[in-house]
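Given next are the chains, with one letter for each unit.
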Amino acid sequence: MDTLLWALMGVFAGACIAVQAPINASLGRALEVPIAAAAVSFLAGGVVLWALAFGYSHLTATPINFAAPAQWTLVAGGLLGAFYVFSNITLTPMIGAAAVMALSVAGQLMAGLMLDKVGFMGMAVREITMGRVAGAALLIVGAVMIRVL
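None of the values given here were measured: they were computed from a predicted structure.

S.K.: Summarise the overall build of the protein; cite the residues concerned and give the values.
M.R.: Counting secondary structure elements, the protein contains five helices and zero strands. Reading the helices (α) and strands (β) of the protein from amino to carboxyl end gives α-α-α-α-α. Each principal axis of the C-alpha distribution contributes one length, and for the protein these read about 50 × 45 × 35 Å. The 149 residues of the protein split such that 17% are buried. When contacts within the protein are restricted to residue pairs at least 6 apart in sequence, long-range pairs at least 24 apart make up 53% of them. Approximately 10,400 Å² of the protein is accessible, and the part contributed by carbon and sulfur atoms is 78%.

S.K.: Please give an account of a nonpolar patch on the surface that cites residues and values.
M.R.: Together, Trp 50, Phe 54, Ile 64, Phe 66, Leu 74, Val 75 and Leu 79 line one region of the surface with nonpolar side chains, adding up to about 690 Å² of accessible area. Those elements that provide at least two residues to the nonpolar patch are α2 (34-60) and α3 (73-95). In terms of residue count, α3 provides more of the nonpolar patch than any other element does, three residues in total.

Each value, and the rule that gives it
Residues numbered from 1 in each chain as written. Predicted model: local features only at pLDDT ≥ 70, side-chain atom pairs only at ≥ 80, totals over all residues. Heavy atoms only, no water. Helix = DSSP H or I, 4+ residues; strand = E, 2+ residues; numbered from the N terminus. Buried < 20%, exposed > 50% of the residue type's maximum accessible area, 1.4 Å probe, protein only. Contact = heavy atoms within 4.5 Å. Areas by Shrake-Rupley, 256 points an atom, 1.4 Å probe, with all protein chains shown as cover. Patch = residues over 30% accessible without salt bridge, like charges linked within 9 Å, V, L, I, M, F, W, Y side chains within 5 Å. Salt bridge = Lys/Arg side-chain N within 4 Å of Asp/Glu carboxyl O.

Following this line, the structure appears as structure tokens:
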């Protein structure tokens, strides 16, 4: 049952990203500076996440340990996320939400295969099998079909 709930959470998160892209693209057009829309998106999300983080920290009596992680990891995820959101804002009006999502998922899957292969940052190592390669290839073909057809 837990596996199903985690899978549904992943699907819902993907749906949120798909809905977020046209909302942020519309915001970018309204602001007339697409990168400003990305900044607004991150500011709004950041405020909510900090409120949740401090609330969780307080409720569980678990202090946030900013000294523990490697310093570069404090900004790396945000920088990568900023590029992703900015790319979605820029590309969605040009190629459509479905194409942006398909290409994004294709890129995520290819990168995910490589990260699994090397066990990036302590993740479990998972071999690249023919089944995984076939699945990635089918997704890439699907992304191309969504964009071209």
